Amino acid sequence: LALLLARTAHERPQHQKRIAELQDRLSAAVKAKESLNSELSFAQTQLSDVESLVRELDAEGDAEEEERLRKKREDEEKKAKNERLLRRNAALLRGEEPEDTPRQVGTMAAADNFSGLASTSARSGSSSAARLPPLRGRPPLPVSPPLPP
């Protein structure tokens, strides 16, 4: 628009009305451009604020997701450990030697952690009954025959 005004003023200096009209349009266009530039600047500022907020929320969400996954992994490990202990204790109740632990001479690993289980094994007459001490204050029960498989 500025080029058109300059060209018209140079080539047709006698068309003052057309030159004035172009000057008015040019000044209106400059004001509109300044207004639009300020609105664009404001919108860019708002957009950057929203982007930073979204990044913060994403970081919080990522941290929560990592925490959830860590807790899930811990729960799965705990569940697997408890299942191994249940299988081991079930084998001890049946009088079997668990395959995942080596045979210990003189003591039984389950007797240290699971005294109730050891007492139950001793009363049921399993093969580990000979290794367990008698219950305090009570005579040991007679050994019963093993259960058929």
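About the thresholds
- Residues numbered from 1 in each chain as written.
- Predicted model: local features only at pLDDT ≥ 70, side-chain atom pairs only at ≥ 80, totals over all residues.
- Heavy atoms only, no water.
- Helix = DSSP H or I, 4+ residues; strand = E, 2+ residues; numbered from the N terminus.
- Buried < 20%, exposed > 50% of the residue type's maximum accessible area, 1.4 Å probe, protein only.
- Contact = heavy atoms within 4.5 Å.
- Salt bridge = Lys/Arg side-chain N within 4 Å of Asp/Glu carboxyl O.
- pLDDT = per-residue confidence, 0-100.
- Expected span 1.5 Å × (residues − 1).

S.K.: Is there a simple way to think about the overall build of the chain in this case?
M.R.: When helices and strands are counted, the chain shows four helices and zero strands. Start at the N end of the chain and walk to the C end: the helices and strands fall as α-α-α-α. Taken across its 149 residues, the chain has 13% of its residues classed as buried. Of all intrachain contacts in the chain linking residues separated by at least 6 positions in sequence, the fraction that spans at least 24 positions is 33%.

S.K.: Just checking my understanding: could you explain the pattern of salt bridges for this structure?
M.R.: Side chains that differ in sign of charge can pair as their charged atoms come close. The full count for this structure, using the stated rule, is six salt bridges. Measuring nitrogen to oxygen at the nearest pair gives 3.4 Å for the salt bridge that ties Glu21 to Arg25. With Glu21 and Arg25 both in helix H2 (residues 16-93), this residue pair falls four residues apart, about one helical turn. Of the charged contacts in the structure, one is a salt bridge between Arg55 and Glu51, with a shortest N-O distance of 3.4 Å. Here the residue Arg55 and the residue Glu51 both occupy positions in helix H2, the gap between them amounting to four residues, near one helical turn. The exposed category is assigned to Arg55, whose relative accessible area is 56%. Residue Glu51 is classed as partly exposed on the basis of its relative accessible area of 36%. By sharing partners, the salt bridges in this structure join Glu67, Arg70 and Glu74 into a single network.

S.K.: Even after reading the chapter, I still don't get the confidence of the model for the chain, so can you show me in this structure?
M.R.: Keep in mind that low pLDDT regions are not for reading the predicted coordinates in detail. Averaged over every residue, the pLDDT of the chain is 76; the share at 70 or more is 66%. Confidence drops under a pLDDT of 50 for residues 103-126, and excluding neighbours within four residues, the segment shows 38 contacts in the predicted structure.

S.K.: What is the right way to read the environment of Ala9 from this model?
M.R.: Mapped onto the elements, Ala9 comes out in helix H1 (residues 2-11). Exposure remark for Ala9: the relative accessible area of 34% places this residue in the partly exposed category. Ala9 sits ten residues away from Ile19 along the chain, and the two C-alpha atoms are 6.2 Å apart.

S.K.: I tried to follow H2 on my own but got confused; where do I start?
M.R.: Along an α-helix, a turn takes 3.6 residues, which lines up residues three or four apart on a common side. A rise of 1.5 Å per residue sets the reference length of H2, with its 78 residues, at 116 Å; its end C-alpha atoms lie 112 Å apart and thus fit the reference within 8%. At the exit of H2 stands Gly95, carrying a positive phi of roughly 85°.

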